[in-house]
Amino acid sequence: MKKMGTRNGTTSRTTNGSRSVFLFLVSLLIVPSVADRGNAQSKLPSFPTLLVLEKVGTSGRSPLFTDAIEFSLVTGKFASPQAGDNVMRPDGTSQFWKSLTPDEGGWFKSPALGGGYGFATVNSDQDRVLVMNARGHRHVYINGVPRGGDLYAFGMTKLPIALRKGENTFLFKGGRGRLKIQFEELAAEISLQKHDLTTPDFLVGSREPLFAGIPVFNGTQEWQRNLLIRSKVEGSTETVFHLPPLPPLSMRKLAAPITPPASLKAKKKATVRFEVSRNNQVLHAIDVDLNVKSPQEKHKRTFLSTVDGSVQYFAVTPMKEEESNSEAPALFLSLHGAGVEGTNQAFSYKPKDWGHIVAPTNRRAFGFDWEDWGRLDALEVLEIAKKLYGADPLRTYLTGHSMGGHGTWNLGVHFPNLFAAIAPSAGWRDFWSYAASENDHSTPVGQLLHRASNASRTLLLSKNLSQRGVYILHGDRDDNVPVSQARFMREHLSEFHPNFAYYEKPGAGHWWGNQCMDWPPLFDFLAQNTQPEEHEVRTIEFRTVNPGISSRLHWIEIEAQDHWNQVSLIRAELDPKVRAFSITEENVSQFALHLSALQKPRTRTRKKEEVDATVLKATPIKISVGNQSPIDTNPSPGEILHFRKDPKGAWNVTSPLKPAEKNSRRAGPFKDAFRNDMAFVFATSGSSEENSWAFSKARFDAETYWYRGNGDVDLIADKDFDPKTDPDRGIVLYGNADTNRAWDLVLKDPPLSVHREGVRVGERMFQGDDLACLFVFPRDGSTVASVAVVAGTGMPGSRLTHQLPYFVSGAGFPDWMIIRKEMLLTGIKGVLAAGFFDGKWKLRSEDSGFFQGD
């Protein structure tokens, strides 16, 4: 019997909750056991009518929004409405609650549920726990406590919830105009679920351990510990996985290892039994059928993500096997459209005779539009696939359709070092040209928030494509992504690009069969493009908005910026005969030269690219930066030379950036902390109300991240947090310096501090109990991990963080920001301050903005 460690078989994750911590939740959590309820079950509740309210605010891909109902929740003034009750919108107009009945299928349908609200009550004759399966909502407040939603109505957001004896209120935030609400009994207090599995295919001949993502319910009032998952396959060894602790009333999607059997036959299925147990007692079990494929067939593979330790998958259409082909294969990374699975994407292609087609998932069918965690997913899969197939790094290509076409543009401009050519099909260039409105950036604060979303602005970096092939494909009758998107990019590229092709399919709509991705002329174009060898490159022009996202092109690297999250540009020319570099820059404070540029590689093989360093001789190198006198140096072969700009603007040879400085491994902004197997650490050292908020908010964020990103996060009480365990793990703190005792364990002298009386920014103090503060800062003792702080001063400020949309792609958050509850009524006028830290994580006046008049 194989035993696996808690999480990924190699890294232990420790989370210890305490019953006493949650006594403040007693009214919500104390429930009878499943066995007790079986003796006197009540009828499952239902909603014969729903009160609905049209939108009472504005929202978009922005950190800011307005919402009169959310304002009443934050201020503690929300009261159960009646039909006909009036709600004043932030613009002074009124909306009225109206009664709505469901259709025959149980769906409530109304324009009001397209961003508005639905409200209902349920009376229970006892305390009980049920499973709620609601579809079509962004989120729901149950008795004032936020829980995750199902915006796209997938039907997978099944959550254990507590009904208390008496009246229970449900306030749903509408999504896309329809809502369905159902309740189910728990199968068991601790149970495994089949509604959102992430599973691999068995591959004939492979005995490598596999992983499945299995949803696990905790339907009790207590933390559940010392649980195991066993996986069993006929003809194989039983595998045991130790589960991390499960929070009360929660669903977590956990990694369950599987040992493949020795004998498998393709085109068959193999059944895996998963059991959850404690003390050798099986609590619940499910059987899951997995496909058995030949490695030469189209298939899917799973892996453990370094972002959060969750199980993700990618799909593959393998290259045709050619025995005589000794050349390393090409690799095509193909990005799917909105609502499409990675399997559908990969399997839409016919096998190629010169490369493998690999489709990542963007974390979900809608996911993150191939930005944020979707971008990280694509990069993870790319690295795994390159190693798995021994792919030629000079013949790696990027393509995608619709949302995946947007992803192709966005990843392509960020990472020209990774792809020889890109080919967007029916793609849109950015959110604001397609389906979103811009923030008001007429004020200093507005400009900073605008800058926070620069990574989403394709055109800022489009010239990075100038040395890469681009093939644009679009149907001229596309009613989803207008053909004007493609035509704009054609005109834009024509201003500077020497190597792009454009084809507009006459009469074709958005989807015109597999050919709108598997288009022969597109692949012919890709075949004509390869990346140059490093030593062949003489001229580079490279841009980035953040070295933490992308920093290098060939032998030049932007290591640090004068002003972070703005466009940095470096131009470099190499004359190898005289070993001289000429460099100019904009918004760069430190850069590096990788002297592999002067090395010639041997032939590329399937195994590895080998470098012959003997061609280098110890002769001086001359570097000219701007108008400055040349710098002469005599480096070793393959050495990396670092150059830093001093306060007077002079460039000098320097040492690498210190780990404590912003660098390519850790540079913000706020969302950057949500990786490195992050954990959510919630406060237990405040009042019962403060502690209740911290736990509820952490669980709500975990549910939101699971829904949008197929992710899994440990929730840890601050009193149980040990900073010596996993010291390079990303941390998200819920609570302020007075309530979260982990604050001083992971934060060393941050420029911001949040307390009950207010928020201090440098020497400036903002006072009030209604302030919310978000900021990112390096984790003390780590060279890679960051800490994100989600904090409020008092309860209004804490509740103000509930719906801040940091899991929404395109919503850019700076390094730090402070908002007041009035943001929910006035938008940007409710932002007191925001900004970016400098390269040493200090406040800088030029990169900070304060609300005028404060």
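As the structure is a prediction and not an experimental result, all values here were calculated from the model.

1. Points about the overall build of the chain
For the chain, the helix and strand inventory stands at 14 helices and 52 strands. Per-residue burial over the chain gives 61% buried out of 854 residues. Look at the contacts in the chain between residues 6 or more apart in sequence, and 72% of them connect residues 24 or more apart. In the form shown here, the chain has an accessible surface area of approximately 32,200 Å², with 47% of it arising from carbon and sulfur atoms. Separation between the mean location of the 101 positive side-chain charges and that of the 95 negative ones in the chain comes to 2 Å.

2. A short note on the confidence of the model for the chain
Caution applies to low-pLDDT parts of the model: their predicted coordinates are not meant to be read in detail. Residues with a pLDDT of 70 or more make up 92% of the chain, whose mean pLDDT is 91. Long-range and interchain partners of residues 2–40, a stretch whose pLDDT sits below 50, account for 105 contacts in this model, where long-range means more than four residues apart. Considering only residues more than four positions removed or in separate chains, one finds that residues 605–616, a stretch of pLDDT under 50, has 28 contacts.

3. What about the packing of aromatic side chains?
Going through the model one piece at a time under the given rule, you end up with 50 aromatic pairs. Both rings, one in Y152 and one in F366, keep their centres 3.7 Å apart while their planes meet at 0°; by these two values the pair is stacked. Taken together, the residues span a long stretch of sequence, with Y152 in the loop between β10 (145–148) and β11 (158–163) and F366 in the loop between β25 (355–359) and α5 (373–389) at a distance of 214 residues. Seen from their ring centres, Y349 and F523 are 5.9 Å apart, and the 80° between their planes marks the pair as edge-to-face. Linking Y349 in the loop between α4 (342–347) and β25 with F523 in helix α10 (residues 520–527), this pair joins segments that are 174 residues apart in sequence. Across the pair, F523 and Y349 agree in class, each one buried. Ring-pair connections join several aromatic residues into one group, and the members of that group are F368, W373, F670, F674, F680, Y705, Y734, Y806, F807 and F813.

4. Brief notes about the sheet that holds strand β52 (residues 848–850)
Strand order in the open sheet formed by eight strands is β43-β42-β44-β49-β48-β50-β51-β52, with mixed pairing between adjacent strands. In this open sheet, the two edge strands, each paired with only one partner strand, are β43 (714–717) and β52. Sheet twist, expressed as the mean angle between neighbouring strand axes with direction ignored, is 15°. Where strand β48 (residues 771–778) and strand β50 (residues 816–820) come together, five bridges link them in antiparallel fashion. If you follow L771 over to β50, its bridge partner there is R820.

5. Brief notes about the pattern of salt bridges
Inspection of every chain in the model, using the stated rule, returns 46 salt bridges. R252 serves as the salt-bridge partner of D714, at 2.7 Å between the closest nitrogen and oxygen. Residue D714 is found in strand β43, and its partner R252 is found in strand β19 (residues 250–258); the two are separated by 462 residues along the sequence. Exposure class is identical for D714 and R252. Each is buried.

6. Notes on the side chain of E371
Within the secondary structure, E371 sits in the loop between β25 and α5. The buried charged residue E371 lacks any salt bridge partner; its closest oppositely charged side chain belongs to R375, at an N-O distance of 4.6 Å. Residues contacting E371, with those up to four places away along its chain left out, are H406, N410, F431, S456, S809 and G810.

7. Points about the sheet that holds strand β7 (residues 117–124)
The six strands lie next to each other as β5-β2-β7-β12-β9-β10, forming an open sheet whose pairing is antiparallel. In this open sheet, the two strands that pair with only one neighbour each are β5 (98–100) and β10. Taking the axes of each pair of neighbouring strands and ignoring which way they run, one obtains an average angle of 30° across the sheet. Bridge count between strand β2 (residues 50–53) and β7: three bridges; the pairing is antiparallel. Bridge pairing links L53 to Y117 in β7. Here helix α11 (residues 688–709) sits on the sheet and contacts β9 (137–142) and β10; the angle it forms with β10, its principal contact strand, is near 15°.

8. Some remarks on the nonpolar core
Formed by 76 residues in total, the largest nonpolar core has its most connected members in F674, F680, L733, F775 and Y806. Among all residues touching F680, those that are not within four sequence positions of it are F674, A698, D701, A702, V713, D714, L715, I716, V732, Y734 and F807. By size, the runner-up hydrophobic cluster in this structure holds 35 residues, among which are A385, A391, W432 and V545.

9. Details of α10
Taken as a whole, α10 has its buried residues at L522, F523, F525 and L526. Taken around the axis of α10, the buried residues stretch over an arc of 155°, which confines them to a single face. The elements touched by buried residues of α10 are β24 (330–335), β26 (396–401), β27 (421–425), β28 (469–475) and β29 (500–505).

About the criteria used
- Residues numbered from 1 in each chain as written.
- Predicted model: local features only at pLDDT ≥ 70, side-chain atom pairs only at ≥ 80, totals over all residues.
- Heavy atoms only, no water.
- Helix = DSSP H or I, 4+ residues; strand = E, 2+ residues; numbered from the N terminus.
- Buried < 20%, exposed > 50% of the residue type's maximum accessible area, 1.4 Å probe, protein only.
- Contact = heavy atoms within 4.5 Å.
- Areas by Shrake-Rupley, 256 points an atom, 1.4 Å probe, with all protein chains shown as cover.
- Lys, Arg positive; Asp, Glu negative; His and termini not counted.
- Charge placed at Lys NZ, Arg CZ, Asp CG, Glu CD.
- pLDDT = per-residue confidence, 0-100.
- Phe/Tyr/Trp six-rings, centres within 6.5 Å; stacked < 30°, edge-to-face > 60°.
- Pairing = 2+ DSSP bridges.
- Axes fitted to C-alpha atoms, helices over the stretch in contact; angles between N-to-C directions.
- Salt bridge = Lys/Arg side-chain N within 4 Å of Asp/Glu carboxyl O.
- Core = buried A, V, L, I, M, F, W, Y, C linked by side-chain atoms within 4.5 Å.
- Arc of directions from axis to C-beta.

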